[in-house]
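Residues per chain, in single letters:
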Number of protein chains: 2
Amino acid sequence: MKALEQKIISEGKIFEGDVLKVDCFLNHQIDVAFLNEIGKEFFRLYQPEGINKILTIEASGIGVACVTALNFDPALPVVFAKKSSAKNVGANLYQSKVESYTHGRTYDVVVSKDYLKENDRVLIIDDFLAKGSALMALTDLCRQAKATVIGIGIVIEKAYQGGGALLRQQGFRIESLAKIESMNTVDGIIFANPNETNSK
Amino acid sequence: MKALEQKIISEGKIFEGDVLKVDCFLNHQIDVAFLNEIGKEFFRLYQPEGINKILTIEASGIGVACVTALNFDPALPVVFAKKSSAKNVGANLYQSKVESYTHGRTYDVVVSKDYLKENDRVLIIDDFLAKGSALMALTDLCRQAKATVIGIGIVIEKAYQGGGALLRQQGFRIESLAKIESMNTVDGIIFANPNETNSK
C-alpha cells in the first residue's frame, strides 16, 4: 500500500535498537482517517472469504481491527485477546503465551471460549509483525477453539525479523500493507517489492 | 440511549462484587455495528463544539474512541494514554496515576507531549465510569498540557459509585449513554431518568 509506505517514510522515525516509531499515526496517536484507508484495503483483500469475526490483541491492534470491521457490511464483531486474566473475564478461557521483545518479558493472552468458536472464520489483525510471537499466540487460540484462520492482516511487517516467513511456512495467508525488507538509521527504510507485498 | 440500556439488560450479566459483565459487546468481544450507533450518538452530542481530538485510555476505550472519531467529518485523530512507559514512547511525556479498583492496583498513565497540546479541544471517551480514577487521570493529563476538555463521553456510568458526580462538580460536561442508578443480582439494573442522562 503505497500511501502507507509514504506515510512511514514521512512521519515514522527510526531509532537504534531496531525501533520504528510510528506512534504519531498508528499506536499512540491514531490517524483514524488514514486507518480507514487501511481498513478499506483489508476489506478489499479479504472480503470474498466469508469472514465472520476479527481477532486482535490489546492494545494497539484494537483501533485497526474496529475500523477494518466497520468496512465490512454488516460490520464484523471484533474480539481482542487480553494480556492477562482480569477478574471480569471469567475462568472459561483459551490461553496462550507471548514473548514480548519490545518489553523483554513473557505474558499470557486469553480469549473467552464464548467468543471464539469452532465455526468461526477468523481474520486476525495486528499493527506490527516482527518475530511473530503475538500472532503465533493468536493462531494458537484459534487452533484451541477449532476456529479457522482465513488470513492475517498486518499494517507493518518487519520482514527481516522472520516472523512472517515462519507463519507463511505454517500455511497462513498474511497480507502486510507495508513490508520492510531492511531498516537502519543510516540507510533508512527499504520496502520489499510491492508485487510481493500483496501476493496471496 | 434506549438501545444501549436494552442491550445491557438483554446481554449484560451482573455478578457479586458489583461486576457488570458486558464483554459480549463492549470490552472483550466488540459489537462494532452497535459501537457505530454509540459513535453516532457521541457525534450528535458533541459535534457543535469544535473538537479536534479524542483522548482515551488503553485498552477498552480505543474501539469506542476510533469508531466515534470516524463519525466526525473529517475523522478526528485519537490519542490513547498508555498504562506504563514503554520504551517506544520516549521520555517526552505527561504522566498521571490511576487507581484500578477492578485490578486492585495503582498504575501510571502517560501521553506523549507531542500529541496533546495547548490549543487542543479534547473529547475524552471511555467505556466505563465508576469511581472516575481513570477519567481524573485523563483530565489531569489535559490540564498538564493546557489542553481544553470540551466534554467526556461514557458508554456506561455506574452513577452510584460517585465518580461522575465528582467530575461534574469539577465542571466537566459528561454524557453517559447509559447511567446506572443502582444494580444488584436480586433487583437487576435500574437506570437513571433518561431526561437526566443526556442533560448538559
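Residues numbered from 1 in each chain as written. Chains lettered and ligands numbered in written order. Predicted model: local features only at pLDDT ≥ 70, side-chain atom pairs only at ≥ 80, totals over all residues. Heavy atoms only, no water.

## Re the packing of helix α2 (residues 32-46) of chain A against helix α3 (residues 61-70) of chain A
A pair of packed helices is characterised by two quantities: the angle between their axes and the separation of those axes. Residue and element names in this part refer to chain A. At a minimum axis separation of 8 Å, α2 and α3 run at an interaxial angle of 60°. Our classification of the angle between α2 and α3 gives oblique. α2 and α3 meet at a crossing whose hand is right-handed. Residues Leu 35, Asn 36, Ile 38, Gly 39 and Phe 42 of α2 form the contact with α3, whose own contacting residues are Gly 63, Val 64, Val 67 and Thr 68. For the contact of α2 with α3, the per-class residue count stands at five nonpolar, four polar and no charged. (Axes fitted to C-alpha atoms, helices over the stretch in contact; angles between N-to-C directions. Helix = DSSP H or I, 4+ residues; strand = E, 2+ residues; numbered from the N terminus. Parallel < 35°, antiparallel > 145°, perpendicular 65-115°, else oblique. Left-handed = near helix turned anticlockwise from the far one by under 90°. Contact = heavy atoms within 4.5 Å. Nonpolar A, V, L, I, M, F, W, Y, C, P; charged D, E, K, R; others polar.)

## Details of helix α1 (residues 2-11) of chain A
Residue and element names in this part refer to chain A. Along α1, the residues that are buried comprise Leu 4, Glu 5, Lys 7 and Ile 8. Taken down its axis, α1 places every buried residue within 160° of arc, on the same side. The exposed residues of α1 that point more than 90 degrees off its buried face are Lys 2, Ile 9 and Ser 10. On its buried side, α1 packs onto β2 (19-21), α2, β9 (148-158), β10 (174-184) and β11 (188-191). (Buried < 20%, exposed > 50% of the residue type's maximum accessible area, 1.4 Å probe, protein only. Arc of directions from axis to C-beta.)

## As for the nonpolar core
By size, the foremost hydrophobic cluster in this structure holds 138 residues, and its most contacted members are Leu4(A), Ile38(A), Leu4(B) and Ile38(B). Sequence-distant contacts of Leu4(A), that is, excluding residues within four places in its chain, are made with Phe25(A), Phe34(A), Ile38(A), Val155(A), Leu177(A) and Ala178(A). (Core = buried A, V, L, I, M, F, W, Y, C linked by side-chain atoms within 4.5 Å.)

## Some remarks on the relation of the copies chain B and chain A
Both copies of the chain are placed relative to one another by a rotation about an axis and a shift along it. The operation relating chain B to chain A is a screw motion whose rotation component is 180°, with 0.0 Å of axial translation and a residual RMSD of 0.0 Å. What we have between these two chains is a two-fold relation. An overlap of 100% is found between the interface residues of chain B and their copies at the interface of chain A, pointing to a shared contact surface. (Least-squares fit on C-alpha atoms with pLDDT ≥ 70 in both.)

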